[in-house]
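Results of the structural survey
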Amino acid sequence: LRPPAVLLLALVAQVLVLENGLLRKPPMGWLAWERFRCNTHCDEDPKNCISERLFMEMADHLAQDGWRDLGYTYLNIDDCWIGGRDAKGRLIADPKRFPNGIPFLVDYAHSLGLKLGIYEDLGNFTCMGYPGITLDDVVQDAQTFAEWKVDMLKLDGCFSTPKERAVGYPKMAAALNATGHPIAFSCSWPAYEGGLPPKVNYSLLAEICNLWRNYDDIQDSWSSVLSILDWFAEHQDILQPAAGPGHWNDPDMLLIGNFGLSFEQARAQMALWTVLAAPLFMSTDLRTISAQNVDILQNPLMIKINQDPLGIQGRRILKETSYIEVYLRPLANEASALVFFSRRTDMPYHYHSSLARLNFSSSNTYEAQDVYTGDIISGLHSKTNFTVVINPSGVVMWYLYPIRKLGMSQ
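One numbering rule holds for all chains: residues counted from 1, following each sequence as written. Local features are withheld for residues below a pLDDT of 70 in this predicted model, meaning they are given only at 70 or higher, and side-chain atom pairs are given and counted only at 80 or more; totals for whole chains, interfaces and linings count all residues. Hydrogens and waters are ignored; side-chain quantities use all the structure's heavy atoms.

Moving on, we get to the side chain of R165. Helix and strand assignments follow DSSP, with helices taken as H or I runs no shorter than four residues and strands as E runs no shorter than two, numbered in order from the N terminus. For R165, the position within the fold is in helix α7 (residues 162–179). Each residue's exposure class comes from its accessible area (1.4 Å probe, protein chains only) as a fraction of the maximum for that residue type: buried when under 20%, exposed when over 50%, partly exposed otherwise. For R165, a relative accessible area of 5% corresponds to the buried category. Beyond its immediate sequence surroundings of up to four residues, R165 is in contact with L122, G157, S160, P170, W189, Y192 and E193. Contacts are assigned to residue pairs that have any heavy atoms within 4.5 Å of one another.

Printed below as a string of structure tokens:
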């Protein structure tokens, strides 16, 4: 049975290349799951349950508080919105929590200059037990999402077999394309296959999905952030070439503004996700987020780096015995993003290095801007020694560019 299945996948890949023109830069927006999970208790907790009200309020804040104008345009529903299927087998939203249906929410988001994303699962059930998408449902559900004018589909993989996923994810990509309505496709496929070859074919994945979850769900803790970061760094030789305009590795949501990260850890996650060319999906309560956390998430230079048009994922280039790590992401106009990251938990660390040690050209003179403080460090040659002071579990991040590039758009 194996050769025909492999042949089928090869044929499917040839006819459905996803080049839908979407997500040429990592998507940015808001996603419900990490902060609000599957809270369906609208009677006792009407402000925080998964409901039409929650998404309308988040849409209002995305539009009014500067998020949309910085690029945070996706408003994404996750699990627990489904009310079942109607007599014709079409998906419907829970009528109590979404009384006006999903098309109403889509129109509301669009009226504010936002895009709406939706969630389903390639299996008999979603992860939380709501009706899923069987292989027989794929085409109809794709048409339903297109009729609703949704802008992104996150397709999870709970309660599915490897064989169902191997057929279902390509089938859904083809079905979405066939609707003629542009829908970005977020896949959880590789996460269910362990995230690595030979079970995961990243070349094929890039032709099927616009972004994909590779690894575990993020939880609201620093240990969760570190476990994801470690996995990405350990397997960067496989993951880094797979990412680029239109197809991104997704290390999962930003925790900034929730309960599990300190100030330094929040700044570190933002910098590290940015250098990894990750989608920036906030999952926090935008109604109550602190000004300090808004500043982290709305840092314009950070967003510019994340949205760099080259779309190259960064790499860990040094792992020191002092528990300092250095990450590098190449950017347009011969610029680079450098993140100096401390895993120490004792006190601020004075890290001494030079650009030569980080493999920068000896022929250029560089200038660096500290992404968080705005400070400019000028006159950096490859052999110039420099020192950065990195707080425990914190980062120093530089936007580095050759001086001769000044005067060009940076």
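What follows deals with the pattern of salt bridges. What counts as a salt bridge is simple: a side-chain nitrogen of Lys or Arg found within 4 Å of a carboxyl oxygen of Asp or Glu. Summed over all chains, the structure comprises 19 salt bridges. What you see here is one network of salt bridges that share partners, running through R53, E57, D285 and R287.

Once that is clear, we can look at the sheet that holds strand β11 (residues 315–319). Any two strands between which DSSP finds at least two bridges are classified as paired. The six strands lie next to each other as β11-β12-β13-β18-β15-β16, forming an open sheet whose pairing is antiparallel. With one partner strand each, in any of the chains shown, β11 and β16 (376–380) form the two edges of the open sheet. Geometrically, the sheet is characterised by an average inter-axis angle of 25 degrees between neighbouring strands, direction not taken into account. On top of the sheet, helix α12 (residues 263–275) reaches β12 (324–330), β13 (336–342) and β18 (395–402); it is set at about 140 degrees to β13, its chief contact. In this description, a line fitted to the C-alpha atoms serves as the axis of each element, helices being fitted only across the stretch in contact, and the angle between N-to-C directions of two axes falls anywhere from 0 to 180 degrees.

Two elements in contact, helix α10 (residues 222–234) and α12, have axes whose closest approach is 11 Å; the angle formed by their N-to-C orientations is 20 degrees. One element, α10, and the other, α12, form an angle in the roughly parallel class. Crossing handedness for the pair α10 and α12: left-handed. Contacts from W222, V225, I228 and L229 in α10 reach Q265, A268, Q269, L272 and W273 in α12. Here is the rule for angles: anything less than 35 degrees is roughly parallel, anything more than 145 is roughly antiparallel, 65 through 115 is roughly perpendicular, and the remaining ranges are oblique. Take the far helix as your reference; a near helix turned counterclockwise from it by less than a right angle gives a left-handed crossing, and one turned clockwise gives a right-handed crossing.

Glancing now at the domain arrangement of the protein chain. Here the protein chain is described as being made up of domain 1 (28–307) and domain 2 (315–402). The interface is formed by 25 residues belonging to domain 1 together with 20 residues belonging to domain 2. Accessible area that two parts lose when put together, with a 1.4 Å probe and added across both, is what the buried area reports. The contact between domain 1 and domain 2 buries some 2,200 Å² in all, and 60% of this surface belongs to carbon and sulfur atoms. Where domain 1 meets domain 2, there are two salt bridges. Ionic pairing is found between D230 and R343, a salt bridge with its closest N-O pair at 2.3 Å. Polar contact criterion, stated in full: a pair of N or O atoms within 3.5 Å, where within protein one must be able to donate a hydrogen and the other to accept it, and residues adjacent in sequence count only if both atoms are side-chain atoms. At the surface where domain 1 touches domain 2, the tally comes to nine residue pairs in polar contact (both at pLDDT 80 or more). Sorting the residues of the side of domain 1 that touches domain 2 by element identifies α10, α11 (236–239), α12 and α14 (300–306) as the ones contributing at least two each. A per-element tally of the side of domain 1 that touches domain 2 places α12 first, with nine residues. Per the annotation, domain bounds derive from an automatic or database assignment of domains.

This part takes up the layout of surface pockets. Throughout, the protein atoms alone are placed on a 1 Å grid, and a set of points is a cavity if a 1.4 Å probe fits but cannot get out or a pocket if it is open with protein on both sides within 12 Å along at least five of seven lines; lining residues have an atom within 4 Å of a point. Grid points are joined across faces, edges and corners, and a volume is the space filled by probe spheres set on the points. A volume near 250 Å³ is recorded for the second largest pocket. Forming the walls of the second largest pocket are 18 residues, and the residues nearest its centre are C127, D156, Y192, R213 and D217. Sorting the residues of the lining of the second largest pocket by element identifies β6 (152–156) and α8 (189–192) as the ones contributing at least two each. Residue composition of the lining of the second largest pocket, by class: nine nonpolar, one polar and eight charged. Residues are grouped as follows: Ala, Val, Leu, Ile, Met, Phe, Trp, Tyr, Cys and Pro are nonpolar; Asp, Glu, Lys and Arg are charged; every other residue, Gly included, is polar.

Further remarks concern the sheet that holds strand β7 (residues 184–187). Read across the sheet, eight strands follow the order β9-β8-β7-β6-β5-β2-β1-β10 without closing on themselves; strand pairing throughout is parallel. Two strands in the sheet have a free side with no partner beyond their single neighbour: β9 (248–250) and β10 (280–282). Between one strand axis and the next, the sheet turns through 25 degrees on average, direction left out of account. Pairing of strand β5 (residues 115–121) with β6, which is carried by five bridges, proceeds in the parallel orientation. Paired with Y119 across the strands is K154, a residue of β6. Sheet strands in contact with helix α5 (residues 101–111) are β2 (74–76) and β5, and its direction is about 145 degrees off that of β5.

Tallying each qualifying case throughout the model produces one cavity of 30 Å³ or more. For the largest cavity, the calculated volume is near 70 Å³. The wall of the largest cavity is formed by L31, N76, M152, K154, S186, R213, D250, D252, M253 and F281. Considered class by class, the residues forming the lining of the largest cavity number four nonpolar, two polar and four charged.

Helix span, expected: 1.5 Å multiplied by one less than the number of residues in the helix. For α7, spanning 18 residues, the distance from its first C-alpha to its last is 26 Å, which sits close to the expected 26 Å at 1.5 Å a residue. What α7 keeps buried is the set R165, A166, G168, Y169, P170, M172, A173, A175 and L176.

A few words on unusual backbone geometry. Excluding glycine, residues mostly carry a negative phi; peptide bonds, for their part, are mostly trans. With an omega of 5 degrees, the peptide bond running from P197 to P198 counts as cis. Mapped onto the elements, P198 comes out in the loop between α8 and α9 (202–208). Even without being a glycine, K149 presents a positive backbone phi close to 70 degrees. As for its placement among the helices and strands, K149 is situated in the loop between α6 (138–148) and β6. K149 gets classed as partly exposed once you look at its relative accessible area, which sits at 45%. For D252, which is not a glycine, the phi torsion comes out positive at approximately 95 degrees. The residue D252 is located in the loop between β9 and α12 in this model.

Now for the packing of aromatic side chains. A pair of aromatic rings is counted whenever rings of Phe, Tyr or Trp (Trp by its six-membered ring) have centres within 6.5 Å, and the orientation is called stacked for planes under 30 degrees apart, edge-to-face for over 60 and tilted otherwise. One pass over the full model with this rule turns up 20 aromatic pairs. Between W81 and W148, the aromatic rings sit 5.9 Å apart at their centres with planes inclined by 75 degrees, giving edge-to-face as the arrangement. Placement of W81 in the loop between β2 and β3 (82–85) and of W148 in helix α6 is noted, with a sequence separation of 67 residues between them. The exposure class of W81 is buried, given its relative accessible area of 0%. On the basis of an interplanar angle of 65 degrees and a centroid distance of 6.0 Å, the ring pair of F145 and W148 is categorised as edge-to-face. Taken together, the residues span about one helical turn, with F145 and W148 both in helix α6 at a distance of three residues. Taken individually, F145 and W148 each receive the classification buried, so the pair is uniform in this respect. Two thresholds decide whether a charge sits over a ring: the Lys NZ or Arg CZ must be within 6 Å of the ring centre and within 35 degrees of the ring normal. Between R35 and the ring centre of F36, over which it is positioned, the NZ or CZ distance is 4.8 Å. Residue placement shows R267 over the ring face of Y372; its charged tip is 4.3 Å from the ring centre.

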